[in-house]
Amino acid sequence: MTINGWIQILVFCGIIILLVRPLGGYMTAIFNGERTLLSPVLGPVERGLYRLAGTAEQEEQHWSTYAVSMLLFNLLGFLLLYLILRLQGSLPINPTGMANVPPELAFNTAVSFVTNTNWQNYGGETTMSYLSQMLGLTVQNFLSAATGIALAMALIRAFARKSTRTVGNFWVDMTRGTLYLLLPICIVMTLVLVSLGMPQTLGASVDVTTLEGAKQTIAIGPVASQTAIKMLGTNGGGFFNANAAHPFENPNAISNLIQMVAIFSIGAALTNVFGRMVGNERQGWAIFAAMGTLFLVGVAVCYWAEAAGNPLIHALGIDGGNMEGKEARFGTALSALFAVITTSASCGAVNAMHDSFTALGGMIPLINMMLGEIIIGGVGAGFYGILMFVVIAIFVAGLMVGRTPEYLGKKIEAKEVKMAMLAVLCLPLAMLGFAAVAVVLPTGVSSIANAGPHGFSEILYAYTSAAANNGSAFGGLSGNTPWYNVTLGIAMLMGRFLVIVPALAIAGSVAAKKTVPVSAGTFPTDGPLFVGLLTGVIVIVGGLTFFPALALGPVVEHLAITAGETF
Amino acid sequence: MSKSRSASLLDARILWPAVGGAFRKLDPRSLIRNPVMFVVAVVSVLTTVLLVKDAIAGSGQLGFSFQIVLWLWFTLLFANFAEAVAEGRGKAQADALRRTRTETQAKLITDGGKAYRTVPGHSLKVGDVVLVEAGDIIPSDGEVIEGVASVNEAAITGESAPVIRESGGDRSAVTGGTEVLSDWIRVRITAAAGSTFIDRMISLVEGAERKKTPNEIALNILLAGMTLIFVLATVTIPSFASYAGGSIPVVVLVALFVTLIPTTIGALLSAIGIAGMDRLVRFNVLAMSGRAVEAAGDVDTLLLDKTGTITLGNRQATGFHPVEGISAEALADAAQLASFADETPEGRSIVVLAKEKYGLRGREMESLHATFVPFTAQTRMSGVDHDGHSIRKGAIDAITAQADPAAAAALREVRSIADGIARTGGTPLAVMRDGRLLGVIELKDIVKGGIHERFTELRRMGIRTVMITGDNPMTAAAIAAEAGVDDFLAQATPEDKLNLIRAEQAKGKLVAMCGDGTNDAPALAQSDVGVAMNTGTVAAREAGNMVDLDSDPTKLIEIVEIGKQLLMTRGALTTFSIANDVAKYFAIIPAMFLAFYPQLGALNVMGLATPESAILSAIIFNALIIVALIPLALKGVRYRPVGAGALLGRNLLIYGLGGLIVPFVGIKAIDLAVTALGLV
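Keep in mind that what you see is a predicted model, and the values were worked out from it rather than measured. (Residues numbered from 1 in each chain as written. Chains lettered and ligands numbered in written order. Predicted model: local features only at pLDDT ≥ 70, side-chain atom pairs only at ≥ 80, totals over all residues. Heavy atoms only, no water.)

S.K.: Tell me about the interface of chain B and chain A, and name the residues and values.
M.R.: When the parts come together, some accessible area is lost, and that loss is often what is quoted as the size of the interface. Taken together, the contact between chain B and chain A spans 66 residues of the former and 63 residues of the latter. Taken together, both faces of the contact between chain B and chain A bury some 5100 Å²; the carbon and sulfur share is 78%. By the criterion of area lost to chain A, the three top residues of chain B are F240, Y243 and Q599 of chain B, representing 16% of everything that side buries. Inspection of the chain B/chain A interface yields one salt bridge. Inspection of the chain B/chain A interface yields twelve residue pairs in polar contact (both at pLDDT 80 or more). Counting only elements with at least two residues in the side of chain B that touches chain A, the list comes to α7 (214–235), α8 (237–243), α11 (290–298), α16 (451–460), α18 (494–506), α21 (555–593) and α23 (644–677) of chain B. The dominant element in the side of chain B that touches chain A, judged by the number of residues it contributes, is α21 of chain B, at 16 residues. Residue composition of the side of chain B that touches chain A, by class: 40 nonpolar, 17 polar and nine charged. (Contact = heavy atoms within 4.5 Å. Buried area = accessible area lost by both parts, 1.4 Å probe. Salt bridge = Lys/Arg side-chain N within 4 Å of Asp/Glu carboxyl O. Polar contact = N/O pair within 3.5 Å; in protein donor to acceptor, adjacent residues only side chain to side chain. Helix = DSSP H or I, 4+ residues; strand = E, 2+ residues; numbered from the N terminus. Nonpolar A, V, L, I, M, F, W, Y, C, P; charged D, E, K, R; others polar.)

Structure below.
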């Protein structure tokens, strides 16, 4: 580890901390329907859209109506994307002449983009037409992100309100999130990225003659616009197969920093939106602090492991950190930082190959996802995810102050506990369940590239990434097979909707409750004690479940390498 | 305070039957109530079957498997034992109560009240009127409609001093099974046989009517959810192991699973609930449901009647304030004379004060040829007439209206003294002899010693206290300030009380109060925790969700503490149980995978001797910790009024951090013992 490396890490953290309040304030204004800088321009558009959709700002929905609207909208989005992929060969804007996407892969890809996972069992530049990229994938990048934010807003509103039956209007939340938040930032970010050298064109690939005289086809396309939303919306699906490691998708250190900041910005700001809406910003900062603690520990371990390098290679007389699968322009610090960011948030973009990380370095991304991506997390998803842990933490420890546990004046009772447990339960079910089947099926094992514990980690990582809606791949696993296309698709659906619906149910139940006024007997949830408690519960309840699996994967691999053994 | 009516924690009379109870509770119908322990039972049966199969086939590590299976059953038995001990303590009380419930004969009044005939007590119906005379046992719960009698209620209160029961007013309720000592009363029966107060008490302390409380249900859901998560963590292991080319014996998987699921809290959960009710009963308070006990812990606002709770029962004279030209002694003398025949506590306190301060002895009324003029609502004064003089004491405006209007200076002076006294929370009484004002007697409410500290404590617990009084606002404010309550409701009518409760509840607060009169019934019913005094009316007792057998309103404070203790104990043991898992993973995981991944031996941070001893030690620790924590579950975690943050910090340190560390030490110690004894 170097001072330089740590300074880069701390600069990133500093920027995020500085962004939390201003962006949080702006988002609060948007979702409260207050006037903002953009209202004169976007206001008429917004109202026009409501008229078109037959809804109104003031129209509020019960949580179940909100949930049905969300599910219906996502179902339609899935069907549309599936059709575009299946028919892209006959559709326009296909200068490179890509063929129709086969059914299993189209299912996997459509689910992947609708659930904000962006797991890619395909190479973008060799599979997708520009129309599929722009109208299919990029549109879903916006909508899946907006869905996540809308859900978080419904839950936040529920805690801020009292004795009411409604949690907001899904259509209004979607419209505002897309129109005022995602689109404007993406437009600015796209221009900045283009100025840094990222391609943005509808022209076909370029054939060039290299210096050695060889012919090479260089893929280009509307890269910058897709990159902006892929990061801001924590989607992660790259235009190119190599994702953010590709020089056209991440030209230099500045574009790398912008992309990292974009991944965390909305998720981090949501904690502040929460604080503002419940009337105490410290409540938001407490959750942010718990996220931050877990994040910093992850970065430290990952960076340390990568910088320390591989003892087997050291034994050959080659010193230094682990540079396998890393871009020389990013080095160990920025590769480790990017890996932890992308798996803390449910982004899944990569600027280095996680498969090539050291055993412990690769374990950190795995753990981040196993916890359910609640460290900042996917836009919206991270926030409602961590609130599930808050409910459990408050319930377990809140009893110890001698009162029925309450959070922000809302009593946490049987219904909330049931729904939170349901949400927390579905992740190990999808991650461990599918992995357990895949590792004993010949069709599952035949896809892996490495023997021994590392191969196990590859399969575990795939299902973990899918169920957590991350989308990053460990690499090494050939996922484009019918088995993986279908099971990973199911894991993604479980990880998304089996969390969303219970979270909305909690929103409905919490909104209907009275708010108990704070007294000296109330357990304070805005101080360091709560941060420690929440962190502890996340690690023990969320993490311990995976201890056996981790022991058989990265842990044993690390111990073996230390002892000089390979598989 | 409370009379200990139950045996101490480790009484052989409770422990031995509990051992039998532990086996009886293996009945699946009783196990199913507790999801965690039911799962333990299922896997215990499963491993036992496998053990028998292996024994017949003569394969496997029989000795090791046998010990694991044995400890699995012990885990289950220990959990049952904890519940049986908790129930046993209630049963002992129920048996004592049952002995008092002997078959009685009742004198059923017939022919419009002229005569009675003797019928068996159990044949009485609600609405029947019975005559109960000295020496009779009251046949069933009822309300006195005529007469007054002294009643021995030792059967329910444990207090042998007789109490007065009379028709009308707030002392009209009588309880079946209690004995009339003197006089006679006519009682209208209000409870049918089998549903009397004592019957209810028996079933309550026995736990026969025990329903899961809301919080217990929520906790059970959490525990069931955790169990499911660990099902996933364990059932996927064989497949992962087979990928690595190894296999794991079922008995080892079961051992890992049982140590991971929250057995500690699962085993003790119902014992904690029963013990909470039991603590109240030993405190001579009967909760009609566990829900009420839990609600007590959540109380935000406490409504306390001033008289008897905050102040001593009655006002007492504390000073004589003469007007210009009259000596204090002369005033005291007149005041004493006026109060000789006054049998009210206030009157007696004036006599006593005059004697203490000025050495004025009591005099015989006859020798003074005095006639007593009693207090009436019209005159609002009392006094004596003797030797042609008249002395009167009474309310300021009543006396001054009759005083000589010529002495304007004295009039003004009396008024100013009276205002001064009222401002400090006292009650002024003017004294006049033959129309001439002598001065003012100061009567004061005496705030109970130590009550100020209690309220400070309550404030630290986050509970707001509101004093309810019929006094005028000025007096109420002064007493409120002296006692240290947060707020007061002066000149309170029953409607005011009800409205106050509704207003607090609308703000999301939980309200506790106690009351005894029929007019308290609506407020008792509206409040979240309504403690009815046992001396109160039937209506009040029906409306409340707790009954205080000692009729001591100060107990509300202890009731709140017991409620908090109950919730805290649950939270503490849940936290402890979950924190334990870390050590158990470190004990079992390396042992489990050692055969095919010897590198994982590095995770054996405790340095446990062999894989078998590691697994056995973990499961033994898991079982023994249940027994070790039974006393804590029954006694409850101590509540300290230090504010939620400090309390949580302290408990997290003890049960969270302690829960992390203790099993590391415990498992290591058991491993040493297991190895030394050569068990594996």
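S.K.: Go over unusual backbone geometry, please, and point to the residues and values.
M.R.: With glycine set apart, most residues show a phi of negative sign, and most peptide bonds adopt trans. Positive phi values are uncommon outside glycine, yet T234 of chain A reaches one of about 45°. Secondary-structure assignment places T234 of chain A in the loop between α8 (223–232) and α9 (253–277). In this structure T234 of chain A comes out as buried when scored by relative accessible area, which is 0%. The phi torsion at D434 of chain B lies on the positive side, around 50°, for a residue other than glycine. (Buried < 20%, exposed > 50% of the residue type's maximum accessible area, 1.4 Å probe, protein only.)

S.K.: Can you lay out the packing of helix α10 (residues 263–282) of chain B against α21 of chain B for me, pointing to particular residues and giving the numbers?
M.R.: All names here are of chain B. Interaxial distance between α10 and α21 falls to 9 Å at its minimum, and their mutual angle equals 170°. By the angle between their axes, α10 is roughly antiparallel relative to α21. For the pair α10 and α21, the contacting residues are T263, T264, I265, L268, L269, I272, G273, G276, R279 and L280 in the first and I559, I562, Q565, L566, T569, R570, L573, T574 and S577 in the second. Split into classes, the residues belonging to the contact of α10 with α21 amount to nine nonpolar, eight polar and two charged. (Axes fitted to C-alpha atoms, helices over the stretch in contact; angles between N-to-C directions. Parallel < 35°, antiparallel > 145°, perpendicular 65-115°, else oblique.)

S.K.: Go over the environment of A53 of chain A, please, and point to the residues and values.
M.R.: Its place among the elements puts A53 of chain A in helix α2 (residues 39–53). Residues A53 of chain A and W171 of chain A, 118 residues apart in the sequence, show an inter-C-alpha distance of 8.4 Å.

S.K.: Account for the domain arrangement of chain B, with residues named and values stated.
M.R.: All names here are of chain B. Domains assigned within chain B are domain 1 (12–92 + 204–282 + 560–677), domain 2 (103–203), domain 3 (285–310 + 448–549) and domain 4 (312–446). For domain 3 versus domain 4, the separation of C-alpha centres amounts to 34 Å. With eleven residues of domain 3 at the contact, the number on the domain 4 side is eleven residues. Interface area, domain 3 with domain 4, both sides summed: about 760 Å², of which 54% is carbon and sulfur. Among the residues of domain 3 in contact with domain 4, K448, M474 and T475 are the three that bury the most area, contributing 42% of the side total. At the boundary of domain 3 and domain 4, one finds one salt bridge. Where D445 meets K306, a salt bridge forms, and the shortest distance between an N and an O atom there is 2.6 Å. Our count for the domain 3 to domain 4 interface comes out at two residue pairs in polar contact (both at pLDDT 80 or more). Classifying every residue of the side of domain 3 that touches domain 4 by side-chain character gives four nonpolar, three polar and four charged. (Domains from an automatic or database assignment.)

S.K.: Residue-level account of the packing of aromatic side chains, with values.
M.R.: One pass over the full model with this rule turns up 33 aromatic pairs over all chains. A ring pair is formed by F73 of chain A and W171 of chain A, whose centres lie 5.9 Å apart and whose planes are at 75°; its orientation type is edge-to-face. Of this pair, F73 of chain A sits in helix α3 (residues 63–87) while W171 of chain A is found in helix α7 (residues 170–195), placing the two residues 98 residues apart along the sequence. Assessed through its relative accessible area of 25%, F73 of chain A is described here as partly exposed. With a relative accessible area of 31%, W171 of chain A lands in the partly exposed category. An angle of 10° between the planes, with centres 5.6 Å apart, marks the rings of F74 of chain B and F78 of chain B as stacked. With a gap of four residues between them, F74 of chain B and F78 of chain B both fall in helix α4 (residues 62–100), about one helical turn apart. One aromatic cluster is present, built from ring pairs that chain together F159, F274, F383, Y407, F523 and F530 of chain A. (Phe/Tyr/Trp six-rings, centres within 6.5 Å; stacked < 30°, edge-to-face > 60°.)

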